[in-house]
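Descriptive analysis of the structure
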Amino acid sequence: VLVGGNIGKNKATPNERAIDDYVRCFEALHEVVDYFVVNVSSPNTPGLRALQEKGPLLAILNELVRRDAARTVHRPILLKIAPDLSWEQLDDVVAVVRESGIAGVIATNTTIAREGLRTPPDQVAAMGAGGLSGAPVRKRSTEVIAYLRGRLPRPTVLIGVGGIDSADAAMEKLDAGADLVQVYTGLVYEGPGLLERINQAYVRWKQPR
């Protein structure tokens, strides 16, 4: 079983000192995880998404890559991004991945968008801010994966996540260019049987077409 370490900054840490939190988590977990996820996209930590800007993001990743290179055993580093980035911001992500030399990208985290929901807007607003997961993020996350794959050819790894609540949704991510998929909200609604259905669909997907 592969274990990933999803690291981010503490809520109380100002962005100008965010790198300290990432480094501390990185050093503490390096011996016990198989790969790292640098999370700069959670909407539940105030100000965190500002770290997706090219300058601060590159500083964090370069420092982690430097520290990993100094060790005997190396851990792949992936960047987890938001689905709400513009195309221009995604181009910056591409540049950062290339320049830092990290292993890949996880696309995407939850969204701050609220369009297309069935629940009345006033009820949605009353629930407060935070990240929205599940079916509403499926389309955008797939678009982001396809956009990134067109600019980041393999061996750069893309992990698709967002709205995967069926085997078809998982295969959609793979067709868009993802190498792997992650499931979270779909597992809550569909249960562990979802994983079996995805694996069976994957076997069929891998057969010559």
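You'll find the structure just up there.
Each chain carries its own residue numbering, running from 1 in the written order of its sequence. In keeping with the predicted nature of the model, local features appear solely for residues at pLDDT of at least 70, side-chain atom pairs appear and are counted solely at 80 or more, and the whole-chain, interface and lining totals rest on all residues. By convention in this description, side-chain values take in all heavy atoms of the structure and omit both hydrogens and water.

Section: the pattern of salt bridges
Side-chain pairs of opposite charge can arise where the charged atoms are in close proximity. Salt bridge, as used here: a side-chain nitrogen of Lys or Arg that lies within 4 Å of a carboxyl oxygen of Asp or Glu. According to the stated counting rule, one finds 14 salt bridges in the structure shown. Residue D91 is joined to R151 by a salt bridge in which the shortest nitrogen-to-oxygen separation is 3.8 Å. In this pair, D91 sits in helix α3 (residues 87-100) while R151 sits in the loop between α5 (138-149) and β5 (157-161), placing the two residues 60 residues apart along the sequence. Judged by its relative accessible area of 34%, D91 is partly exposed. Segments assigned H or I by DSSP are reported as helices when at least four residues long, segments assigned E as strands when at least two residues long, and all are numbered from the N terminus. Three exposure classes are used, based on accessible area relative to the maximum for each residue type with a 1.4 Å probe and protein chains only: buried under 20%, partly exposed in between, and exposed over 50%.

Here we look at the layout of surface pockets
The method works on a 1 Å grid over the protein atoms by themselves. A cavity is a set of points holding a 1.4 Å probe that cannot get out, a pocket is an open set with protein on both sides within 12 Å along at least five of seven lines, and residues with an atom within 4 Å of a point line them. Grid points are joined across faces, edges and corners, and a volume is the space filled by probe spheres set on the points. Roughly 510 Å³ of internal volume is contained in the largest pocket. Around the largest pocket, the lining comprises 20 residues; the ones closest to its centre are L117, L132, S133, P136 and Y189. It is helix α7 (residues 185-190) that provides the largest number of residues to the lining of the largest pocket, a total of four residues. Taken together, the residues of the lining of the largest pocket break down into seven nonpolar, nine polar and four charged. In this structure, the second largest pocket encloses a volume near 270 Å³. L2, D34, Y35, P76, L78, A103, V157, I159, L180, V181, Q182 and V183 are the residues that line the second largest pocket. Looking at the lining of the second largest pocket, the elements with two or more residues in it are β5 and β6 (180-182). In terms of residue count, β6 provides more of the lining of the second largest pocket than any other element does, three residues in total. Here the residues of the lining of the second largest pocket sort into 10 nonpolar, one polar and one charged. Each residue is assigned to one class: nonpolar for Ala, Val, Leu, Ile, Met, Phe, Trp, Tyr, Cys and Pro, charged for Asp, Glu, Lys and Arg, and polar for all the others, Gly among them.

Focus on the nonpolar core
In globular proteins that are soluble, nonpolar side chains generally tend to be buried together. Buried residues of nine kinds, namely Ala, Val, Leu, Ile, Met, Phe, Trp, Tyr and Cys, make up a nonpolar core once their side-chain atoms join them within 4.5 Å. With 44 residues, the main nonpolar core has Y22, V38, L64, I77, L79, I81 and L148 as its most contacted residues. Of all the elements, helix α6 (residues 167-176) adds the most residues to this core, at six residues. Contacts between residues were defined by any pair of non-hydrogen atoms, one from each residue, lying within 4.5 Å. Beyond its immediate sequence surroundings of up to four residues, V38 is in contact with I7, Y22, I60, L61, L64, I77, L78, L79 and K80. Of all hydrophobic cores here, the second largest spans five residues; its members include V37, L78, I106 and V161.

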